[in-house]
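Residues per chain, in single letters:
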Amino acid sequence: MKRILFIDDEPGVLNGIRNTLRRNRCRWEMTFAVGGKAGIEQIERNRYDVVVTDMKMPVVGGEAVLEHLRSEQPDVVRIVLSGYTELESALRAAPLAHQMLAKPCRPEDLLDVIERACGLRKLITDERVSRAIGATEQLPSLPTICLELNRILADPQAGAEQVAELIEQDVALSARVLQMVNSSFFSSGRVVASIGDAVVRLGTSTIKSLVLTFELLKSVRRPLAVSFSLAKFEARAVATARLAQRIADDASAGRAAFLAGMLHDTGELVLASQLPETFEACQRRVETDGVRRRDAEFELLGVTHAEVGAYLMGLWGLPYPVVEAIAHHHQPSRLMTDELGVAGVVHVASALVDSEDLDDEFIERCSLSHRVEEWKKLYDREFGP
């Protein structure tokens, strides 16, 4: 049974949530704490799967609750449910919360977020890995990208298109921008899966604030594993995203495929920054024994970087087709579908960029064998010598 903790300084709000979610009592053990101080006391006494907290509370605010939770129970899903929607508060919450919902919140939206959070936890069975993912407040970004973005944002003539093009070159910035725009602090209910749309929705001033927050957090970020090259990682991500967009059958699928291609190996960043020793052990297995990286990861962790990345992106509220594509980009045949879809497109693109074998079972099931040579030629035209 999943354990959910709700924290708010208004008893009426908690009573409303209790009544709304009453039907879930048979599968959720729900606790309600009035105020941040009471919430922290509950966290110190019990373990939870999901914590939903208000931000603006007297004496002990939501930010302190989230900080304490991330320190004591980093594997817990942290959700903000607050009516305090000023930008400064939202930016402070972004590194601490996995998702942010604004009051008033439709009961079905709150239910959906909690359901999805509980479902995502099934991807990760190793507690060490789930704690590492939960502690990930900020994925590493290339300094040159941040510097260039600040330069563009300082130019009053710069347009949203220029900003979007630069953000799309950086995995961490792309993920954080999409997390922010899909939070209900800024969302109008429509899921935003395009960086260009996200920049327009948020505005350049908000984007600049996000970048400055990134710069501040980098000063306390853990060092990356020695064998991990951020520059090479970014280059692979951009190449996969571009190729995936070209392979996709239509513009809508192309936008989702580009995003999923950019983020498909996000789990590698998590492992390299949060579990560097394990990352290095995997690298040694790859170099010494010639095993595939994902096989080495599974041997040591019980999961691969694909599930790790999907779990984090799911917690951050990215669109489901993107999360699904990240989770299955090595083996889309696990989805039991006979359509190419976003996951299939990203699989093909990543396999070609990384010179890996295609998932033959998936290709045959979808009757796509006749397109393999076409994709290879497309890759050669785009990225060949």
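Remember, predicted model here, so these are calculated numbers, not experimental data. Numbering of residues starts from 1 in each chain and follows the order in which that chain's sequence is written. In view of the model being predicted, local features appear only for residues whose pLDDT reaches at least 70, and side-chain atom pairs are presented and counted only at 80 or more, with totals across whole chains, interfaces and linings using the full set of residues. For the side-chain quantities, the full set of heavy atoms in the structure was used; hydrogens and water were omitted.

K.L.:
What exactly am I supposed to notice about the pairing of strand β1 (residues 2–8) here?
P.N.:
Regular strands show a simple pattern: their side chains alternate between the two faces of the sheet. Exposure classes here rest on a 1.4 Å probe applied to the protein chains alone. A residue is buried below 20% of its type maximum, exposed above 50%, and partly exposed in between. Numbering of helices and strands runs from the N terminus, with a helix taken as a DSSP run of H or I at least four residues long and a strand as a DSSP run of E at least two residues long. Most of β1 is tucked away, with 5 of its 7 residues classed as buried. Bridge count for β1 against strand β2 (residues 28–34) is 7 bridges, and the pairing is parallel. Paired with F6 across the two strands is F32, which belongs to β2. Crossover handedness is defined here as right-handed if the route from the first strand over the helix to the second strand goes clockwise, with the strands pointing away from the viewer. In this fold, the crossover linking β1 to β2 by way of helix α1 (residues 11–20) has right-handed handedness. When DSSP locates at least two bridges between a pair of strands, those strands are taken to pair. In the sheet, β1 pairs with strand β3 (residues 50–53) via 4 bridges, with the strands oriented parallel. Residue pairing in the sheet places I7 in a bridge with T53 of β3.

K.L.:
Got a minute to help me understand helix α9 (residues 171–181) in this structure?
P.N.:
Residues three or four positions apart in an α-helix share a direction because the helix packs 3.6 residues into each turn. The element α9 is largely enclosed, with a buried count of 11 among its 11 residues. Burial in α9 covers these residues: V171, A172, L173, S174, A175, R176, V177, L178, Q179, M180 and V181. Capping of α9 at its N-terminal end is provided by D170; its side-chain oxygen lies 3.1 Å from the backbone amide nitrogen of A172. Between N or O atoms, a polar contact is any pair within 3.5 Å; within protein, one atom must be a potential hydrogen donor and the other a potential acceptor, and residues adjacent in sequence are included only when both atoms are from side chains.

K.L.:
Explain the packing of aromatic side chains here, please?
P.N.:
Ring geometry is summarised as follows: Phe, Tyr and Trp rings, the Trp one being its six-membered ring, pair when their centres sit within 6.5 Å, and such pairs are stacked at plane angles under 30 degrees, edge-to-face over 60 and tilted between the two. Per the counting criterion, the structure on display carries 3 aromatic pairs. On the numbers, 5.2 Å between centres and 10° between planes, the contact of F6 with F32 is stacked. Here F32 lies in strand β2 and F6 lies in strand β1, a separation of 26 residues in the sequence. Residue F6 is classed as buried on the basis of its relative accessible area of 1%. You can call F32 buried: its relative accessible area is 18%. Between F228 and F279, the aromatic rings sit 5.7 Å apart at their centres with planes inclined by 80°, giving edge-to-face as the arrangement. Here F228, found in the loop between α11 (204–218) and α12 (230–247), pairs with F279, found in helix α15 (residues 276–289); they are 51 residues apart in sequence, far enough to count as distant. With a relative accessible area of 4%, F279 lands in the buried category. Among the aromatic residues, ring-to-ring pairing joins F228, F233 and F279 into one connected group. Residue placement shows R18 over the ring face of F32; its charged tip is 4.2 Å from the ring centre. The rule is short: NZ of Lys or CZ of Arg within 6 Å of the ring centre and within 35 degrees of the ring normal puts a charge over the ring.

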